[in-house]
Amino acid sequence: MLKGIIPMTYCFFNKNNSIDMQAMRDQISLISQLGSHGIACLGLATEVNKLDLSEKKKIIELVAEVSNNRLPIIVTISGNNINEYKKLIDVAQFYNASWIVLQPLLKKNTTDNDCFKFFNKIIPYVDTNTLVGVQNAKEYIGVGLNSSHILKLYKKFSNFRAIKGEASATLIQTEINKYPKNLQVFNGRGGQEIIDNFLAGCSGIIPSLEGTDIFLKIYKLLQQKKIIEARRLYKKILPSIVFSMQSIDSLVCYGKRICAYRMGIKKIYDRKPALVPTNFGIKLAKQFAEDLGKFI
């Protein structure tokens, strides 16, 4: 069963706008070295909306190659049409992904019910032996599923047993109370409210990478029932989270820079469309990275 801290990869770019494969390799190796409980890719922090199909495939392949079966792999699936979803699902399953997370197919005027219909159509394409779930990020992408939709999918598909949410701890806890015990709920939001998320019943957190070493320490303290110590450590990382998690655009602009500076990467290139970092913002990102220190 998946649980714990499973960081989402960023996507690093070269000056010529191509993916920086060496930085990606270093990032994947780091996630493993830190003792993470899994590795996730192609989520919102990976700037998946800016990647074409071949780039998405390459990232899945790279994660599988570098992690080399040391970590469970979680792949978020999105695309411009159902055929792209199917092609990426094929790649994820070929590399033995532990969990396939489906994002809704977004078109103009997509509704919550459209999302539900789409998931009903695409979930049967996933092998029944592979854990499948949905990214229910209504707060960020504007549409998603309600608890009734989720329970219907749970009853219909035996491998639909996990949800990746992006919500407050209080909202997540309210949702968890409506679900069967074996329907796992993960949260993200860069590690915001990480302690309260676990106390609310989340199985794990899928944060961006820059705070993963601290999140792993917090998780260990929570397992030991050392809540006060965990909250003390959370206070150390919280200013950085608040700074970078103003929006997804802010996360991939400044959160990625904090991560890069902690990794020792000095030059970061953005793929447009992107939030343009200010000199003040870069200065703050460097300060947060310095406060947190090098990863290893």
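Reading guide: rules and limits
- Residues numbered from 1 in each chain as written.
- Predicted model: local features only at pLDDT ≥ 70, side-chain atom pairs only at ≥ 80, totals over all residues.
- Heavy atoms only, no water.
- Helix = DSSP H or I, 4+ residues; strand = E, 2+ residues; numbered from the N terminus.
- Buried < 20%, exposed > 50% of the residue type's maximum accessible area, 1.4 Å probe, protein only.
- Contact = heavy atoms within 4.5 Å.
- Areas by Shrake-Rupley, 256 points an atom, 1.4 Å probe, with all protein chains shown as cover.
- Lys, Arg positive; Asp, Glu negative; His and termini not counted.
- Charge placed at Lys NZ, Arg CZ, Asp CG, Glu CD.
- Axes fitted to C-alpha atoms, helices over the stretch in contact; angles between N-to-C directions.
- Parallel < 35°, antiparallel > 145°, perpendicular 65-115°, else oblique.
- Left-handed = near helix turned anticlockwise from the far one by under 90°.
- Nonpolar A, V, L, I, M, F, W, Y, C, P; charged D, E, K, R; others polar.
- Phe/Tyr/Trp six-rings, centres within 6.5 Å; stacked < 30°, edge-to-face > 60°.
- Pairing = 2+ DSSP bridges.
- Right-handed = clockwise from strand over helix to strand, strands pointing away.

A. Quick look at the overall build of the protein chain. A tally of regular secondary structure across the protein chain gives twelve helices and eight strands. If one aligns the C-alpha atoms of the protein chain with their principal axes, the spans along those axes are about 50 × 45 × 40 Å. For the protein chain, buried positions account for 57% of its 296 residues. When contacts within the protein chain are restricted to residue pairs at least 6 apart in sequence, those whose partners lie at least 24 apart make up 70%. Within the structure as shown, the protein chain displays about 13,400 Å² of accessible surface, and the carbon and sulfur contribution to it stands at 50%. Between the averaged position of the 41 positive side-chain charges in the protein chain and that of its 24 negative side-chain charges there is a distance of 2 Å.

B. Just the packing of helix H11 (residues 248–263) against helix H12 (residues 279–292), in detail. The geometry of H11 relative to H12 is characterised by a closest axis approach of 8 Å and an angle of 45° between their N-to-C directions. Judged by the angle between their axes, H11 and H12 are oblique. Note on packing geometry: the crossing formed by H11 with H12 is right-handed. Contacts between H11 and H12 pair Tyr-254, Arg-257, Ile-258, Tyr-261 and Arg-262 from the former with Gly-281, Ile-282, Ala-285, Lys-286, Phe-288, Ala-289 and Leu-292 from the latter. Here the residues of the contact of H11 with H12 sort into eight nonpolar, one polar and three charged.

C. Spatial organisation of the packing of aromatic side chains. On inspection of all chains with the given rule, the structure shows seven aromatic pairs. Measuring from ring centre to ring centre gives 5.0 Å for Phe-94 and Tyr-95, while their planes differ by 85°; the resulting arrangement is edge-to-face. With a relative accessible area of 62%, Phe-94 lands in the exposed category. Its relative accessible area of 28% is what places Tyr-95 among the partly exposed residues. Seen in terms of ring centroids, Phe-243 and Tyr-254 are 5.2 Å apart; in terms of plane orientation they differ by 45°. Their pairing is tilted. Of this pair, Phe-243 sits in helix H10 (residues 227–244) while Tyr-254 sits in helix H11; the two residues are eleven residues apart in sequence, bridging distant segments of the chain. The class of Phe-243 is buried, set by a relative accessible area of 15%. What links up through ring pairs into an aromatic cluster is the set Tyr-85, Phe-118 and Phe-119.

D. Region of interest: the pairing of strand E7 (residues 184–187). Burial along E7 is two-sided: Gln-184 and Phe-186 facing one way and Val-185 and Asn-187 facing the other are all buried. The pairing of strand E6 (residues 160–165) with E7 spans four bridges and is parallel. Bridge pairing in E7 places Gly-165 opposite Asn-187. For the crossover that starts at E6, traverses helix H7 (residues 169–176) and ends in the parallel E7, the hand is right-handed. Between the parallel pair E7 and strand E8 (residues 204–205), the chain is carried across by helix H8 (residues 194–200), and the sense of this crossover is right-handed.

E. Representation of the environment of Lys-226 in the model. Topologically, Lys-226 is positioned in the loop between helix H9 (212–223) and H10. On the basis of relative accessible area, Lys-226 is assigned to the partly exposed category, the value being 36%.

F. Spotlight on the environment of Gly-190. Structurally, the position occupied by Gly-190 is in the loop between E7 and H8. Residues Gly-190 and Thr-111, spaced 79 residues apart in sequence, show a C-alpha to C-alpha distance of 26 Å. Here Gly-190 is in contact with Pro-207, Ser-208, Phe-215, Ile-241 and Met-245, once residues within four sequence places are set aside.

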